[in-house]
Amino acid sequence: MEFSAKQFDDVTLIHIAGRIDHKTVKDFETALMPFLEADNPAITKKIIINFEKLDFLTSAGLRMLMIAAKTCGRQGRGIAVASLQPIVEEIFTISRFDLVINVFPSVREALQKLSPAALADYEGA
Amino acid sequence: MRIRFWGTRGSIPVTAGAENIRAKIKRALRAADGKRFANETQLDKFIDNKLDFPTRHGFGGDSACIQIEGGPDYLLCDMGSGLRRFGRQVMQQPGPHLPRMYHFLMSHVHWDHIQGFPFFPPAYVPGNTIHIYSCLDTGMLAAALQQQHASPFFPVDWNELGADIIFNQLQPDRWHDINGFRIKGMLQSHHGDSYSYRFEKDDKCLVYATDAEHKQARERETGAVIAFFEDADLVIFDAMYSLAEMVTVREDWGHSSNIVGVDLCLRANVKHYCMFHHDPSYNDETLYKILLETRRYGEIVSDGRNLKISAAYDDMVVDI
């Protein structure tokens, strides 16, 4: 699993590649946690996770995603995922995560909905 | 080893419901439109080959009770409402009514797992012996069973039952020899605790693991579950909820999800994963859809490993 993040205005855009299963979920958690810590001055109001290069995720990965969503919810922040590959989209449907996590067809559409300022920053980058 | 499912629902028994029956009839009539059946055989062939499972059959509505055949006496897990039908079947068997021995392994005492016992005819027959085993405190277990027989809940008091009923305390994580099987119990996460049981006989292995919330929060705990399931021929698993339900609105309700079962069984090299403890609010069409989705999830995440996935239904028989 590969993880990288970049800030655009009030949004942190996270890119995930590979797979998130029981073998890699700890890496996912370790990489994601700094962006969920309320006392971290660098955290942003919103998080968008780009799943364009995610091959698949299992229940272990989905569980971690829900922990992130709940943490953001408690902090009054927002989280969404974008650009799901068809197989990942299927997993979201099967697990019903499409009903509890904001899913957008593309990063651009996610930014447009969540933060026009971040979209302008993203498109100007 | 043969496993018979007498009850497969969780929480409370359900009926098919008039609307669901009507919907089945409509689908069957549409499928049969324009066809002629010369005899019963042709009709049966049409039903078996042309109607899908939710139309021709369904999952049933009795609560948890399974029978494990292969030993000299009767061996069952839990006493849900499915136990009533098992008891009737035993009483209807031809032949001399010799005293009989029954062995029950109890996961826990929530109502859906004990409510069949007052309607279990062999308990009323003098000469029968009923052994009840659990890793739960058997004093508590006995009190729970006796309480549901007491007034005002039921008209026949526990002390009026004719059979000899013996409670046997099991120790978790240790092997016990019962009715020709090696049996070991493991504590599970559930309100008031529950236990799964691993049955081994003649190089075959069954794990009965219902009413457990597998959060996969700590690898040490998940690893213990995987070790308990390891190389099992059949795992009967609490797949009551979708994962989204399990981690949101029904978090800490003590049950697992269909896809958590897939992931655990794949890691444990299980041959056959059987979804069990179905949500009472789901009709046959919904349960069948969940089964197909779960199989699809298995295809996606299995990396080519072979895991058979089924959903238990009342009267299902599995040989391992």
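Within any chain, residue numbers begin from 1 and follow the written order of that chain's sequence. Think of it this way: whatever chain is written first is A, whatever ligand is written first is 1, and the rest follow in order. Reporting of local features is limited, given that this is a predicted model, to residues whose pLDDT is at least 70; pairs of side-chain atoms are given and counted only at 80 or more, and all residues count toward the totals for whole chains, interfaces and linings. Side-chain numbers here rest on the full set of heavy atoms in the structure, without hydrogens or water.

A. Up close: the overall build of chain B. Helix and strand assignments follow DSSP, with helices taken as H or I runs no shorter than four residues and strands as E runs no shorter than two, numbered in order from the N terminus. Across its full length, chain B holds nine helices and 14 strands. Rg of the C-alpha trace for chain B: 20 Å, near the compact-globule value of 20 Å for 320 residues, within the 12% margin. Dimensions along the principal axes, computed over C-alpha positions, put chain B at roughly 60 × 50 × 40 Å. For chain B, the residues scored as buried account for 54% of the 320 residues in total. Sequence separation of at least 24 residues holds for 72% of the intrachain contacts in chain B that already meet a minimum separation of 6. Computed with the Shrake-Rupley method and a 1.4 Å probe, the accessible areas treat only the protein chains shown as cover for residues. Surface summary for chain B: the accessible area is close to 14400 Å², and the carbon and sulfur share equals 50%. Radius of gyration: over C-alpha atoms. The globule rule applied is 2.2 Å multiplied by the number of residues raised to the 0.38 power. Burial classes follow relative accessibility: with a 1.4 Å probe on protein chains only, a residue under 20% of its type's maximum area counts as buried, one over 50% as exposed, and anything between as partly exposed. Any two residues whose heavy atoms approach within 4.5 Å at even a single point are treated as in contact.

B. Spotlight on the overall build of chain A. On a plain count of helices and strands, chain A comes out with five helices and five strands. Tracing chain A from N to C terminus, the helices and strands come up as β-β-α-β-α-β-α-β-α-α. The C-alpha radius of gyration of chain A comes to 13 Å, within 12% of the 14 Å expected for a compact globule of 125 residues. If you line up chain A on its principal axes, its C-alpha atoms span 35 × 30 × 25 Å.

C. View of a nonpolar patch on the surface. Residues and elements named next belong to chain B. For patch building, the residue pool is restricted to those with more than 30% relative accessible area and no salt bridge; the joining distance is 9 Å between like charges and 5 Å between nonpolar side chains (Val, Leu, Ile, Met, Phe, Trp, Tyr). We count a salt bridge whenever a side-chain nitrogen from Lys or Arg sits within 4 Å of a carboxyl oxygen from Asp or Glu. Nonpolar side chains collect at one region of the surface, where Ile 21, Ile 25 and Leu 29 lie side by side and expose about 290 Å² of accessible area between them. Assignment of secondary structure puts Ile 21 in helix α1 (residues 18–32). Owing to a relative accessible area of 41%, Ile 21 belongs among the partly exposed residues under this scheme.

D. Spotlight on the sheet that holds strand β5 (residues 102–104) of chain A. All names here are of chain A. Each pair of strands is called paired provided DSSP finds at least two bridges between the two strands. A sheet is described by the order of its strands in space; here five strands give the open sequence β1-β2-β3-β4-β5, paired in mixed fashion. Edge positions in the sheet fall to β1 (2–8) and β5, since each of these pairs with one other strand and no more. Here the strands of the sheet are splayed against their neighbours by 25 degrees on average, with no regard to which way each runs. Angles run from 0 to 180 degrees between N-to-C directions of axes, and those axes are lines fitted to C-alpha atoms, restricted for helices to the stretch in contact. The strands touched by helix α4 (residues 107–114) within the sheet are β2 (11–20), β3 (46–57), β4 (78–82) and β5, with β3 carrying the most contacts at an inclination of about 160 degrees.

E. Region of the structure containing the sheet that holds strand β13 (residues 308–311) of chain B. Residue and element names in this part refer to chain B. Taking strand neighbours across the sheet as the criterion, the seven strands line up as β7-β8-β9-β10-β11-β12-β13 in an open arrangement whose pairing is mixed. With one partner strand each, in any of the chains shown, β7 (175–178) and β13 form the two edges of the open sheet. Averaged over neighbouring strand pairs, the angle between their axes works out to 20 degrees when direction is ignored. Alignment of strand β9 (residues 194–201) against strand β10 (residues 204–209), held across five bridges, turns out to be antiparallel. Bridging across to β10, Lys 201 finds its partner in Lys 204.

F. Main features of the nonpolar core. Nonpolar cores were defined as sets of buried Ala, Val, Leu, Ile, Met, Phe, Trp, Tyr and Cys residues, with membership established by side-chain atoms within 4.5 Å. Counting 70 residues, the largest nonpolar core has Ile 49, Phe 51, Phe 92 and Phe 97 of chain A together with Phe 229 and Tyr 273 of chain B as the members making the most contacts within it. For this core, the element with the most residues is helix α2 (residues 59–74) of chain A, which contributes eight residues. Counting residues in hydrophobic clusters, the runner-up holds 54 residues, among them Leu 145, Tyr 197, Leu 206 and Tyr 208 of chain B.

G. Fine view of the pattern of salt bridges. Residue and element names in this part refer to chain B. The final tally for this structure, using the stated rule, is 25 salt bridges over all chains. The residue Arg 85 makes a salt bridge to Asp 62 at a minimum N-O spacing of 2.8 Å. Residue Arg 85 is found in helix α4 (residues 82–92), and its partner Asp 62 is found in the loop between α3 (53–56) and β2 (65–69); the two are separated by 23 residues along the sequence. The buried category is assigned to Asp 62, whose relative accessible area is 13%.

H. Seen up close, the confidence of the model for chain A. Confidence scores labelled pLDDT are given residue by residue by the predictor and lie between 0 and 100. Per-chain confidence: chain A averages 95 in pLDDT, with 100% of residues scoring 70 or above. Per-residue pLDDT, averaged within each element of chain A, yields its smallest value for helix α5 (residues 116–124) of chain A (95) and its largest for helix α3 (residues 86–95) of chain A (98).

I. Up close: the interface of chain B and chain A. In this complex, chain B contributes 22 residues to the contact, which on the side of chain A involves 19 residues. Here the buried area means the combined drop in accessible surface, using a 1.4 Å probe, for two parts upon being joined, counting both sides. Taken together, the two surfaces of chain B and chain A that pack against each other cover about 1800 Å², and 61% of this comes from carbon and sulfur. The interface formed by chain B and chain A contains four salt bridges. Any N or O atom pair separated by 3.5 Å or less is treated as a polar contact, with the protein-specific requirement of one donor-capable and one acceptor-capable atom, and with residues adjacent in sequence counted only for side-chain atom pairs. Counting across the chain B and chain A interface gives eleven residue pairs in polar contact (both at pLDDT 80 or more). Among the secondary structure elements, those contributing two or more residues to the side of chain B that touches chain A are α7 (243–247), α8 (258–267) and α9 (284–301) of chain B. With seven residues, the single largest contributor to the side of chain B that touches chain A is α9 of chain B. Of the residues belonging to the side of chain B that touches chain A, the class tally is ten nonpolar, four polar and eight charged. The nonpolar class holds Ala, Val, Leu, Ile, Met, Phe, Trp, Tyr, Cys and Pro. Asp, Glu, Lys and Arg form the charged class, and all remaining residues, Gly among them, are polar.

J. Unusual backbone geometry, seen in detail. Following Ser 151 of chain B, the chain continues to Pro 152 of chain B via a peptide bond in cis, the omega torsion being 10 degrees. When you line up the elements, Pro 152 of chain B lands in the loop between α5 (138–149) and β6 (164–169). Phi angles above zero are rare outside glycine, and Arg 96 of chain A is one such case at about 65 degrees. Residues other than glycine seldom take positive phi values, yet Asp 315 of chain B does so here, at roughly 80 degrees. If you trace the backbone, Asp 315 of chain B turns up in the loop between β13 and β14 (317–319).

K. Molecular detail of the confidence of the model for chain B. Residues of chain B with pLDDT of at least 70 account for 98%, and the chain-wide mean is 96. We note a pTM of 0.96 for the whole complex and an ipTM of 0.94 for its interfaces.

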